[in-house]
Amino acid sequence: MTPPRERRRRGTDGSPASPRLDLPRRGSVRRAQMITTYGIGSLIAVDNESFIVSGIDKAHESWRPEEAPIIHEHRLARALEVRHFRLPPASGDESKDGVRVRRFPLWHSCPQCQSLQHVRGFNPPPGKNVCTKCDDEPLVPSRFVVACEDGHLDDFPYWKWLHRGNREEGATGRCGGQMRLRFSGRSASLRSVVVSCTCGVPDVSLEGAFRRSALGDLKVRCEGRSPWLEGAPAKSCSKSPRTLQRGSSAVWQPVLRSALSIPPWSDGLADKLTKHWENLRGYSSRVEIEIYLKGAFPGDDSVSVEAVMDLLAAEQEEDPSPEDGITDGHQKLRRQEYEQLSSGNALRDKGREEQFVCEPPVSDASVLSPFGVERTMLVKRLREVRALKAFTRIADPETSSDGHEAPLSLTPTDWLPAMEVHGEGVFVRLDEHRLDDWAELDAVAGRVKRMRDNHDRLLRERAIDPTKVPVSPATPRMVLLHTLAHVLINEWSLEAGYPAGALRERLYADPSMAGFLVYTATSDSAGSLGGVVAQGEPARLAAAIRSALQRAHWCSADPLCIESRSSGAGGTNLAACHACAMLPETSCEYNNILLDRALLIGTPDERQVGFFAQVLG
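Here is a short report on the structure shown in this document. (Residues numbered from 1 in each chain as written. Predicted model: local features only at pLDDT ≥ 70, side-chain atom pairs only at ≥ 80, totals over all residues. Heavy atoms only, no water.)

## Topic: the overall build of the protein chain
For step 1, the next point in the chain: A count of helical and extended segments in the protein chain gives 17 helices and 24 strands.
For step 2, the next point in the chain: For the protein chain, with 617 residues in total, the buried portion stands at 53%.
For step 3, the next point in the chain: Residue pairs in contact within the protein chain that sit at least 24 positions apart in sequence constitute 68% of those at least 6 positions apart.
For step 4, the next point in the chain: Carbon and sulfur atoms make up 49% of the accessible area of the protein chain, which totals about 27900 Å². (Helix = DSSP H or I, 4+ residues; strand = E, 2+ residues; numbered from the N terminus. Buried < 20%, exposed > 50% of the residue type's maximum accessible area, 1.4 Å probe, protein only. Contact = heavy atoms within 4.5 Å. Areas by Shrake-Rupley, 256 points an atom, 1.4 Å probe, with all protein chains shown as cover.)

## Quick look at the sheet that holds strand E14 (residues 153-155)
Strand pairing in a sheet relies on backbone hydrogen bonds, with the paired strands running either antiparallel or parallel.
For step 1, the next point in the chain: Here we have 3 strands laid out as an open sheet, ordered E14-E13-E18, and antiparallel in their pairing. Only two strands of the sheet have a single partner each, and these edge strands are E14 and strand E18 (242-245). In this sheet, neighbouring strand axes are inclined to one another by 40° on average, regardless of whether the strands run parallel or antiparallel.
For step 2, the next point in the chain: Sheet topology places strand E13 (residues 144-147) next to E18; 4 bridges connect them, and they run antiparallel. Bridge pairing in E18 links Val145 to Leu244. (Pairing = 2+ DSSP bridges. Axes fitted to C-alpha atoms, helices over the stretch in contact; angles between N-to-C directions.)

## So, the pairing of strand E3 (residues 43-46)
For step 1, the next point in the chain: Bridge count for E3 against strand E4 (residues 49-53) is 4 bridges, and the pairing is antiparallel. Following the sheet pairing, Ala45 is matched in E4 by Ser50.
For step 2, the next point in the chain: Where E3 folds back onto E4 in an antiparallel hairpin, the turn is made up of 2 residues, including Asp47, whose phi is positive at roughly 55°.

## A look at the packing of aromatic side chains
For step 1, the next point in the chain: Tallying each qualifying case throughout the model produces 13 aromatic pairs.
For step 2, the next point in the chain: Between the aromatic rings of Trp107 and Tyr158, the centroid separation amounts to 6.2 Å while the plane-to-plane angle is 35°, which identifies the pairing as tilted. Linking Trp107 in strand E8 (residues 107-109) with Tyr158 in helix H3 (residues 158-162), this pair joins segments that are 51 residues apart in sequence.
For step 3, the next point in the chain: Taking the relative accessible area as the measure of exposure, Trp107 reaches 21% and is therefore partly exposed.
For step 4, the next point in the chain: A relative accessible area of 3% means that Tyr158 is categorised as buried.
For step 5, the next point in the chain: Within the aromatic cluster, the residues linked to one another by ring pairs are Trp107, Phe144, Phe156, Tyr158, Trp161 and Phe210.
For step 6, the next point in the chain: Lying over the aromatic face of Trp415, Arg86 brings its terminal NZ or CZ to 5.5 Å of the ring centre.
For step 7, the next point in the chain: Against the face of Phe611 rests Arg434, its NZ or CZ located 4.8 Å from the ring centre. (Phe/Tyr/Trp six-rings, centres within 6.5 Å; stacked < 30°, edge-to-face > 60°. Lys NZ or Arg CZ within 6 Å of the ring centre and 35° of its normal.)

## What about the side chain of Ser587?
For step 1, the next point in the chain: One can find Ser587 in the loop between helix H15 (538-552) and helix H16 (598-601).
For step 2, the next point in the chain: Judged by relative accessible area, Ser587 falls into the buried class, the value being 0%.
For step 3, the next point in the chain: A polar side-chain atom of Ser587 sits 2.7 Å from the main-chain carbonyl oxygen of Leu503.
For step 4, the next point in the chain: In this structure, Ser587 is in contact with Ala500, Gly501, Leu503, Arg504 and Glu505, ignoring residues within four places of it in sequence. (Polar contact = N/O pair within 3.5 Å; in protein donor to acceptor, adjacent residues only side chain to side chain.)

Take it as geometry only, folks, not as evidence of what the structure does.
Put into structure tokens, the structure is as follows:
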């Protein structure tokens, strides 16, 4: 697949002027980063300037519809209640497209005269960010911003922080003086960042500004501002604002949803029917559908009545229902993928652009039986769509309910930003009966319970709404599959020539699923050259699993690692660290938590907790 092209950003000075075609370019990022790193509402530093990526409203057209290619993934679109998705626009040096950004934060300082004020106070010429009083000295954006758990973002209240003892004047922000920002140079701490004012108030450092209650103690409230949404009114917000560094990961965390394209939605027919779904859903008989298709697709034999009826039937089966024990749409997506990966499919119709080809290996798979592998499938062709649903600030996305997710637009839209990955992978399914017998061991249950309790506590601490705390997914089956996928990816990165960051896991672990998919996670040349599929041949996979498990026996951090009773964020790992089981963050679905290699190979004192202990001898 062609590598992602560089796309260009455009910036404005924060004024509410209408969109123009001659806005200056401010930098470039890769397409994929517009979903995972620099999405809507995030901050991006370009040279010595700072910008916030605008929303997708028509009012400011951050992504103009004619510039953003449409991609379809019917199952994911239904789960997210949109019609389709759009890729970030890609552009060359001569192109007029790009994604609009706005200057943020708006408070700047001049390193020469030390003046600290709103950027308009420096009176910079159009298109520049300089102090006109200091021979066009480049201005420095504020290093600090304030945000709340509802996603609001604002400039750090320097005036109120400095004039904390003068509440009457602080309400209006008028003292008649000029603020200054300087660095004492005594240390690299916040104590050396000093704010002063010519009105005569005592100088104040920024020490303590990051305390959770620092702004609340000064009675600074969240103003409910959404600077990425042009024209968005300030909302009443009851959340306490927090001080953050402008480049902190807590300022913007994406809420991503993804799905694989699987039959019957993976052959391109559903894309042709995108504009006709509402009409087709209104028909119940074959005759009515046939008449409609003849009028909508005259002379097009590729759109058959039988295929359309199959799609309509599949759509009805996809809705989650309490009858099958599934009430979450995304859980339903995973269950469907698991069933399709387990059964596989051949290339049904070579005349169509089939995006999912999953077949069992030709060679004898009995060599995998000692490892408890019930089935392995070679996914020779796959397509994944990852959509940016929303984002969070401060709060972790996994602990945030929909009400606390910051929106991408001021008004509802029928599309969401997304990216697609075409690649290949290997699906591994373990023997569920053998897993269940192993999970009943007291030593296994005890280790996993320790991890689950720590994770539940972490979720409660991070949760915004205590009544909606999600339950930890940690079970013996899940932790085992997760850790096995990690050590296998590490093994392939050493033996098969794939960088670990180019591979990704996709877990299928609940009481009715026991498998994982390792697939190429990038859209560059490492994505679909057949190298990963070759690793799935039974003899080669068995050798890779054995080698990965033998490597897991030893870690450079042992004996501390293997004997650890808690490690990782909040104690959510046991025997797992960066030297043995952790992966790049982009490769792991759970941010490198809920890992324990002892469940693979056992511990020196308890060999029986290792699922593969007997086969390794």
